[in-house]
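If you want the building blocks of each chain, they are given just below.
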Amino acid sequence: MSSQWSQGEIYESYVGRWSRLVAAEFVAWLDQPAGLRWLDVGCGTGALTTAVLTQAEPSAVVGVDPSEGFVGFARGAVADERARFEVLPAAELSTDAVGGAVDVVVAGLVLNFIPDRPDALRRMREIGRTVGVYVWDYAEGMQLMRYFWEAAADVVPDDRERDEGRTFPFCNPAGLEGLFAEAGFSDIETRAIVVPTVFESFDAYWTPFLGGQGPGPAYLRSLHPNTQTAIRHLVESRLPANPDGSIELTARAWAARGTS
Ligand SMILES: C[S@@+](CC[C@H](N)C(=O)[O-])C[C@H]1O[C@@H](n2cnc3c(N)ncnc32)[C@H](O)[C@@H]1O
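Quick caveat, the model's predicted, so the values are computed rather than measured.

### Topic: the packing of helix α1 (residues 8-30) against helix α2 (residues 47-55)
Geometrically, a packed helix pair is captured by the angle between its two axes and the distance between the axes.
Thought 1: It is at 8 Å that the axes of α1 and α2 come closest, and there the two elements cross at 40 degrees. By the angle class used here, α1 and α2 are oblique. In the packing of α1 onto α2, the handedness of the crossing is right-handed. Contact residues: Gly16, Ser19, Arg20, Ala23, Ala24, Phe26, Val27 and Ala28 in α1; Ala47, Leu48, Thr50, Ala51, Val52 and Gln55 in α2.

Here it is as structure tokens:
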């Protein structure tokens, strides 16, 4: 498993905390009755699992993720006897592998990282009746990443294709609807979920980028220190700072759901 998904605390400060805000709205949107069995694919540190446990009154939630580090973090962080976490990549998903069929399968900020997305969605469809996912709007509305990638491309034009807005071009309503249709879902719906991402200072914004968790930080870490500094200065000059130094951005995710 790539080390870009291994250190739970650093991931939490970069994206996990914002995923938790999206997860709350996403679970409310799914609007499922109490007492169901849920599966959280690519559960990471447990952001979406926690929202399911606190909002949906499930009978059980299984969280699976290929990262041993994240699964270990989730086991320690989510103290709830209805939840269990297992190391498992999406390519190995099956009803047996997750301990039996479930009612609802969810995946937060995961689909774009799975190499064979139609296969993963088909596997999810076989395991559960309702499947829901969300991904960041990398190309436009995920502002904290947009500022980073646009500065990075200006400093290192040859690396422009590393921008997640380019590597994940299907992270929009049409792209998600196409993937769900290809996997055989019906009643496909999409919606935007926008959450505030507020930083008390530029350092609070920048420090999570230094931890190597996720494509942007992993890319930054691969660069020469002088190049990293140039990107940092350009981002800082462009971010809209309030007089007290705080920075108020928003992050948009696209959510999709379908029934099998
Ligand atoms: C951005 S994190 C999202 C974690 C969590 N769901 C959340 O919302 O905070 C992406 C997650 O996808 C997982 N992942 C990467 N490749 C995967 C694959 N092939 N199958 C399943 N999960 C994968 C990573 O280990 C990581 O936990």
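### Some points on the site of the ligand
Thought 1: What surrounds the ligand is a group of 21 residues, the closest being Tyr11, Ser19, Gly42, Asp65 and Gly108.
Thought 2: In the environment of the ligand, a nitrogen atom lies 2.8 Å from a nitrogen or oxygen atom belonging to the backbone of Gly108.
Thought 3: For the ligand, the accessible surface in isolation is 590 Å², of which the surrounding protein chains cover 95%.
Thought 4: Taken together, the residues that form the shell around the ligand break down as 15 nonpolar, five polar and one charged.

### Comments concerning the packing of helix α5 (residues 143-155) against helix α9 (residues 215-222)
Thought 1: Orientation of α5 relative to α9, taken along the N-to-C sense of each, is 30 degrees, at an axis distance of 11 Å. Classed by the angle they form, the pair α5 and α9 counts as roughly parallel. Along this stretch, α5 crosses α9, giving a crossing that reads as left-handed. Taking contact as the criterion, the partners of Phe148, Trp149 and Ala152 in α5 are, on α9, Pro215, Gly216, Tyr219 and Leu220.
Thought 2: Of the residues contributing to the contact of α5 with α9, the split by class is six nonpolar, one polar and no charged.

Conventions adopted
Residues numbered from 1 in each chain as written. Predicted model: local features only at pLDDT ≥ 70, side-chain atom pairs only at ≥ 80, totals over all residues. Heavy atoms only, no water. Axes fitted to C-alpha atoms, helices over the stretch in contact; angles between N-to-C directions. Helix = DSSP H or I, 4+ residues; strand = E, 2+ residues; numbered from the N terminus. Parallel < 35°, antiparallel > 145°, perpendicular 65-115°, else oblique. Left-handed = near helix turned anticlockwise from the far one by under 90°. Contact = heavy atoms within 4.5 Å. Near = heavy atom within 4 Å. Polar contact = N/O pair within 3.5 Å; in protein donor to acceptor, adjacent residues only side chain to side chain. Areas by Shrake-Rupley, 256 points an atom, 1.4 Å probe, with all protein chains shown as cover. Nonpolar A, V, L, I, M, F, W, Y, C, P; charged D, E, K, R; others polar.

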